[in-house]
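Residue strings, one per chain:
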Amino acid sequence: MKIFWTNAALDNLLAIYDYVAQASPFYADKLTKRLVERSEQLEIFPLSGRIVPELSNPDIREVIEGSYRILYKVKTDSIDVIAVIHAAQNLKQ
């Protein structure tokens, strides 16, 4: 399966980088790299993430990396990463 990052997810990733880079550009690089690498596992194991509890949609799943949730949509032949949010963030807002 091929992984595609939506513009919204890329914006989330950039915002995370910018926020963390204020304190440590080194750690910001490391964190964003870990988030991207974590999403790459979905090419082989697209159903490895849990169904997002707030949404109850079996096509929308998430994997956790550190304090972040990587939300993605499972399609027939691809995966769309749709958001990267902090675990403390309320998804319903």
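Quick look at the structure, then.

Analysis parameters
- Residues numbered from 1 in each chain as written.
- Predicted model: local features only at pLDDT ≥ 70, side-chain atom pairs only at ≥ 80, totals over all residues.
- Heavy atoms only, no water.
- Pairing = 2+ DSSP bridges.
- Helix = DSSP H or I, 4+ residues; strand = E, 2+ residues; numbered from the N terminus.
- Core = buried A, V, L, I, M, F, W, Y, C linked by side-chain atoms within 4.5 Å.
- Buried < 20%, exposed > 50% of the residue type's maximum accessible area, 1.4 Å probe, protein only.
- Axes fitted to C-alpha atoms, helices over the stretch in contact; angles between N-to-C directions.
- Parallel < 35°, antiparallel > 145°, perpendicular 65-115°, else oblique.
- Left-handed = near helix turned anticlockwise from the far one by under 90°.
- Contact = heavy atoms within 4.5 Å.
- Nonpolar A, V, L, I, M, F, W, Y, C, P; charged D, E, K, R; others polar.

**Some thoughts on the sheet that holds strand β5 (residues 78-86)**
In step 1: Read from one edge of the open sheet, 5 strands run β1-β5-β4-β3-β2, paired in mixed fashion. The outermost strands of the open sheet, each flanked by one partner alone, are β1 (2-5) and β2 (50-51).
In step 2: Here strand β3 (residues 60-65) runs beside strand β4 (residues 68-74); their pairing, made up of 6 bridges, is antiparallel. Paired with E65 across the two strands is Y68, which belongs to β4.

**Some words on the nonpolar core**
In step 1: If you look at the biggest cluster of nonpolar residues, it comprises 18 residues, and the most contacted ones within it are I16, L35, Y68 and V84.
In step 2: Those elements that provide at least two residues to this core are α1 (7-21), α2 (25-40), β4 and β5.
In step 3: Sorting elements by how many residues they give to this core places α1 first, with 5 residues.

**Considerations on the packing of α1 against α2**
In step 1: Between α1 and α2, the least distance of the axes is 7 Å, while the angle of their chain directions is 155°. Considering the angle they form, α1 stands roughly antiparallel to α2. The handedness of the crossing between α1 and α2 is right-handed. Contacts from L13, I16, Y17, V20 and A21 in α1 reach P25, Y27, A28, D29, L31, T32, L35 and V36 in α2.
In step 2: Classifying every residue of the contact of α1 with α2 gives 11 nonpolar, 1 polar and 1 charged.

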